[in-house]
Amino acid sequence: MKSFISRYLSNHAETGEDPHDKRLKTHYYKAKKDDVFRAVIDLFPAPSEKAAVSNERGEITVNYKGSRKAFIVATIIMVRPFQTSVDFSVTSDSGGPVDFGFSDRLILQLYEQLDRQFPSLKSSER
C-alpha cells in the first residue's frame, strides 16, 4: 500500500539504494564518470533548461519541459575507476500534490536511455 501511495499520490520520486519501488534502485554503469556525465546532460535537449551543472560535485539540475514540467536533480558519482552510479530526484510541476506516477515513469525513461548507452554493472561486480 505504501508503494502505491508513494508512486501515484505524490509529485516526487527519487532513486536510491533501498527505494520503495525496486525499479527505482540506483543504477551503476561500467564507464568513466565524465562519459556518463555528458550522456546525462544530453538526456535533456531544448526546450529543457539546465539550471546548474557541476562536474566537480557530479550534479546536474534541470528544469524539464516535456509532456509535463518537472525539476530534476541528477547525481553522477564515480564509485571506482570505470564504475559510475547515477541517481535521479524528480519533482513534477503538476499544479497539485499528485502527478499519478509521472515522476516514476520519467526516471525509468531516463534510465532506459542510459542503459542503451552503457553496460550495467551487476551487484556482484560492485
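Thresholds applied
Residues numbered from 1 in each chain as written. Predicted model: local features only at pLDDT ≥ 70, side-chain atom pairs only at ≥ 80, totals over all residues. Heavy atoms only, no water. Helix = DSSP H or I, 4+ residues; strand = E, 2+ residues; numbered from the N terminus. Rg over C-alpha atoms; globule rule 2.2 N^0.38 Å. Contact = heavy atoms within 4.5 Å. Areas by Shrake-Rupley, 256 points an atom, 1.4 Å probe, with all protein chains shown as cover. pLDDT = per-residue confidence, 0-100. Pairing = 2+ DSSP bridges. Phe/Tyr/Trp six-rings, centres within 6.5 Å; stacked < 30°, edge-to-face > 60°. Buried < 20%, exposed > 50% of the residue type's maximum accessible area, 1.4 Å probe, protein only. Core = buried A, V, L, I, M, F, W, Y, C linked by side-chain atoms within 4.5 Å. Expected span 1.5 Å × (residues − 1).

Enquirer: Hey, could you run me through the overall build of the chain in this one?
Expert: Looking only at helices and strands, one finds 3 helices and 6 strands in the chain. For 126 residues, the compact-globule estimate of 2.2 N^0.38 gives 14 Å, and the C-alpha radius of gyration of the chain, at 14 Å, lies within 12% of that figure. In the chain, the proportion of contacts linking residues at least 24 apart, taken out of those at least 6 apart, comes to 55%. By element, 53% of the accessible surface of the chain is carried by carbon and sulfur atoms, the whole surface being about 7100 Å².

Enquirer: For this particular structure, what's the right way to read the confidence of the model for the chain?
Expert: Residues of the chain with pLDDT of at least 70 account for 90%, and the chain-wide mean is 90. The secondary structure element of the chain with the lowest average pLDDT is helix 1 (residues 2–8), at 55, and the one with the highest is helix 2 (residues 33–42), at 98.

Enquirer: Honestly, the pairing of strand 4 (residues 59–65) in this entry has me stumped. Any pointers?
Expert: Across 5 bridges, the pairing between strand 3 (residues 49–54) and strand 4 is antiparallel. Its bridge partner being in strand 4, glutamate 49 is matched across the sheet by asparagine 63. Counted along the chain from strand 3 to the antiparallel partner strand 4, the turn is 4 residues long, and its residue glycine 58 has a positive phi close to 70°. Bridge count for strand 4 against strand 5 (residues 69–80) is 7 bridges, and the pairing is antiparallel. Paired with isoleucine 60 across the two strands is alanine 74, which belongs to strand 5.

Enquirer: I keep staring at the packing of aromatic side chains and nothing clicks. Help me out?
Expert: This model, assessed by the stated rule, comprises 2 aromatic pairs. Here tyrosine 29 and phenylalanine 118 contribute two aromatic rings whose centre-to-centre distance is 6.1 Å and whose plane-to-plane angle is 55°, an arrangement assigned as tilted. Taken together, the positions of tyrosine 29 in strand 2 (residues 27–29) and phenylalanine 118 in the segment after helix 3 (102–117) put the pair 89 residues apart, joining distant regions of the chain. Take tyrosine 29 and phenylalanine 118: they sit in the same class, and that class is buried. Ring geometry for phenylalanine 88 against tyrosine 111: centres 5.3 Å apart, planes inclined by 65°, an arrangement best described as edge-to-face. One end of the pair, phenylalanine 88, is in strand 6 (residues 83–92); the other, tyrosine 111, is in helix 3, and 23 residues separate them in sequence. Of the two residues, phenylalanine 88 and tyrosine 111, neither departs from the other in class, the shared state being buried.

Enquirer: Looking at this model, I keep getting lost on the nonpolar core. Mind explaining?
Expert: Generally speaking, nonpolar side chains in soluble globular proteins are found buried as a group. Membership of the largest hydrophobic core comes to 28 residues, with the highest contact counts inside it found for Val40, Ile72, Val86, Phe88 and Leu114. For this core, the elements supplying multiple residues, two or more each, are helix 2, strand 4, strand 5, strand 6 and helix 3. Of all the elements, helix 3 adds the most residues to this core, at 7 residues. In contact with isoleucine 72, other than residues within four places in its own chain, are Phe44, Ile60, Thr61, Val62, Tyr64, Phe88, Ser89, Val90, Leu106 and Leu110.

Enquirer: How should I be thinking about helix 3 in this particular structure?
Expert: Each full turn of the α-helix corresponds to 3.6 residues, which orients residues three or four apart in the same direction. In this model helix 3 runs 23 Å from its N-terminal to its C-terminal C-alpha over 16 residues, within 8% of the 22 Å that 1.5 Å per residue would give. Those residues of helix 3 that fall on the buried side of the exposure criterion are Phe102, Ser103, Asp104, Leu106, Ile107, Leu108, Leu110, Tyr111 and Leu114.

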